[in-house]
Amino acid sequence: MKLFFYFPALIPSFSKEKPAALHIPSVRGECLLKYQLRPKLEWQRDAVPLCDSTEFIKEATELPAFLKEVEECKKSLAVDTTGKVEKFPEVVFLGTGSALPMKIRNVSATLLNISPSQSLLLDCGEGTFGQLCRHYGNDVDAVLSNLSTVFISHMHADHHTGLLQLLLQRERALKSLGKPFSPIFLVAPAQLMTWINQFHDHCQEILSHINIIPARFLVEGAEHPKYKTKSFIHSMLKKCDLEKFQTCLVRHCKNAFACSLTHQSGWQIVFSGDTMPCDALVKMGKGATLLIHEATLEDGMEEEAVEKRHSTTSQAIGIGMNMNAEFIMLNHFSQRYAKIPLFNADFNEKVGISFDHMRMCLSDFGAIPKLIPSLKALFAEEIEEMVERRGKREMKQMKEAFWVQQNTGQVNGQPMESVAISGKSSKGERTCPGEGGNKRELEDQPQETESKRLKAS
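Here goes a summary of the coordinates provided. (Residues numbered from 1 in each chain as written. Predicted model: local features only at pLDDT ≥ 70, side-chain atom pairs only at ≥ 80, totals over all residues. Heavy atoms only, no water.)

1. What about helix α11 (residues 313-323)?
Residues of α11 that are buried: T313, S314, A316, I317, I319, G320 and M323. Tucked inside the fold, the buried residues of α11 contact β11 (268-271), α9 (279-284), β12 (290-294), β13 (327-331) and β14 (351-353). Where α11 ends, the next residue or the one after it, N324, has phi of about 60°, a positive value. (Buried < 20%, exposed > 50% of the residue type's maximum accessible area, 1.4 Å probe, protein only. Helix = DSSP H or I, 4+ residues; strand = E, 2+ residues; numbered from the N terminus. Contact = heavy atoms within 4.5 Å.)

The following block contains the structure:
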């Protein structure tokens, strides 16, 4: 069934290294394995999770409307067989969550298989090598040997701390396959080298594993790099069969970059990294074949998105529409949306959502949006909980706005009388509960009001 192409079953992977010779009995560690000390010394495996796919399928089929939606999806996928099917480029989402790794979504990592023999990695959060093992099983060494380039978007830990392990495992894989060792091309902020140099000096030699290309040299109109860096750029483009590898600064932390990859065959894939809506990204990715854009927060959390310098789902979709991208894959979800993000009216036939271990190619653009009704039915309970939380949050914002009105006699800096007459703010915009005002002041005001009431009594 074609659905298994997008969400393949995970493959067990076993280490090829010989276990250490110990003079005492040893027990292989397992997730949630416990050793009881009292009242009886024993191993307890009752909490160890078992990956029984039949149980998962049984649980899913018991959900109301799920089977119906799956059958509808199968029918629509069977009808939609037009167009040439090409396996490459193939996008494999290894980590689609933000901030911290969780059991459902690991942190940022996206593998781009350009051809059967060449791969490129977009970000490398912690646990990326483990995700590769779970996805490819014992074929992971072949995948690592194909990896020639890694792009790191910025210096936040959830985007780069898996790099060192990946480099070491790649060296081991090349050796085990009898292939000659060659360093990878690392496109990253130059500041990343401070961290790599410290590891090299104090932990383990690693500098021979990389040829660094500072991301700033790939920005359009940037200063010309030195000869060594320029030769690395030419070699990287030739190795990956790319016509162009371009970066641009985005609105996140300092030295945060997005990238655009244009292949010799004509396709263009744009990766946003972490960013607020960014005009430079739109300009760089005009007419892109695929945009992979972060959608950390849901609609209605625009203020928090500004504070954390991220995008909401509608903002991410809007960037793709302004870019005139052929398709938009949303990525990098807050862990509060571990199973599924909240949908909105902006979702259309050009938008898909990513999951860990999901894989896709360019010919799947028409099929991916057809999976959404089935996903809504599968995670109906979680969606209902998120909608309930959103309602509570909006109620809290309305209460905060009410306290502002009660204690200042103003709404957004205007007297209540003028707002009641015009129904608009001083900027000509309609007022909205929760807009304006300082959060700490809002928290303090109810206490001040209560003390005034006590004095009056």
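2. Re the packing of aromatic side chains
Counting across every chain of the model gives seven aromatic pairs. For the pair F151 and F245, a centre-to-centre distance of 6.2 Å together with 55° between the ring planes defines the contact as tilted. Taken as a pair, F151 in strand β6 (residues 147-151) and F245 in strand β9 (residues 242-249) lie far apart in primary sequence, 94 residues in all. Comparing F151 with F245, the two get one shared label, buried. (Phe/Tyr/Trp six-rings, centres within 6.5 Å; stacked < 30°, edge-to-face > 60°.)

3. Structural notes on unusual backbone geometry
In this chain, R38 is followed by P39 through a cis amide linkage whose omega measures 0°. By the element assignment, P39 lies in the loop between β1 (34-36) and β2 (42-44). The omega angle of the peptide bond from F88 to P89 is 5°, so this bond is cis rather than trans. Its place among the elements puts P89 in the loop between α3 (66-79) and β3 (90-95). Unusually for a residue other than glycine, A65 sits at a positive phi of about 75°. Considering the arrangement of structural elements, one finds A65 in the loop between α2 (53-61) and α3.

4. With respect to the side chain of S153
Along the polypeptide, S153 turns up in the loop between β6 and α6 (163-176). With relative accessibility at 0%, the residue S153 sits in the buried group. In contact with S153, not counting residues within four places along its chain, are D123, H159, P189, N255, A256, F257, F271 and G273.

5. Section: the state of the cysteines
Disulfide: a covalent bond connecting the sulfur atoms of a pair of cysteines. Across all of its chains, the model carries zero disulfides by this definition. Free of any disulfide, C248 has its nearest cysteine sulfur in C278, 5.3 Å distant. Looking at C248, the relative accessible area reads 6%, which means it is buried. (Disulfide = S-S within 2.5 Å.)

6. Some remarks on the nonpolar core
Soluble, globular proteins show a tendency: their nonpolar side chains are buried together. One finds F245, L281, L290, M323, L330, I340 and I353 to be the most contacted residues of the largest nonpolar core, which totals 74 residues. Residue contacts for L290: discarding those within four places in its chain leaves V91, Q268, I269, V270, F327, M329, M360 and F365. (Core = buried A, V, L, I, M, F, W, Y, C linked by side-chain atoms within 4.5 Å.)

7. Some points on helix α13 (residues 380-408)
Because the α-helix completes a turn every 3.6 residues, residues three or four places apart line up on one side. With 29 residues, α13 should reach 42 Å at 1.5 Å per residue; the first-to-last C-alpha distance of 42 Å fits that figure. Regarding α13, the residues found buried are I383, M386, E400 and A401. (Expected span 1.5 Å × (residues − 1).)

8. Describing the sheet that holds strand β8 (residues 210-214)
Here seven strands make up an open sheet; going across it, the order is β8-β7-β6-β5-β4-β3-β15 and the pairing mixed. With one partner strand each, in any of the chains shown, β8 and β15 (358-361) form the two edges of the open sheet. On average, each strand axis in the sheet is inclined to that of its neighbour by 20°, with strand direction left out of account. Note that strand β4 (residues 109-115) and strand β5 (residues 118-124) share six bridges and pair antiparallel. Considered in β5, the bridge of S115 is made with Q118. (Pairing = 2+ DSSP bridges. Axes fitted to C-alpha atoms, helices over the stretch in contact; angles between N-to-C directions.)

9. A word on the pattern of salt bridges
In this structure the tally under the stated criterion is nine salt bridges. For R216, the salt bridge goes to E223, with nearest N and O atoms at 3.9 Å. Its relative accessible area of 38% is what places R216 among the partly exposed residues. The salt bridge partner of K339 is E382, with a shortest N-O separation of 3.1 Å. Residue K339 is located in the loop between β13 and β14, and its partner E382 is located in helix α13; the two are separated by 43 residues in the primary sequence. The partly exposed category is assigned to K339, whose relative accessible area is 34%. Salt bridges linked by common partners bring E304, K308 and R336 together as one network. (Salt bridge = Lys/Arg side-chain N within 4 Å of Asp/Glu carboxyl O.)

10. Digging into the environment of D158
Inspection of the secondary structure assignment puts D158 in the loop between β6 and α6. A relative accessible area of 9% places D158 in the buried class. Measuring from C-alpha to C-alpha, the distance between D158 and S108 comes to 6.3 Å, with 50 residues separating the pair along the chain. A polar atom in the side chain of D158 sits 3.4 Å from the side chain of H159. (Polar contact = N/O pair within 3.5 Å; in protein donor to acceptor, adjacent residues only side chain to side chain.)

11. Some remarks on the sheet that holds β11
Read across the open sheet, the six strands follow the order β9-β10-β11-β12-β13-β14; overall the sheet is mixed. Two strands bound the open sheet, and with one partner strand each, they are β9 and β14. If you compare each strand with its neighbour and ignore which way they point, the axes differ by 15° on average. Bridge count between β11 and β12: three bridges; the pairing is parallel. Note on β12: the bridge partner recorded for I269 is L290.

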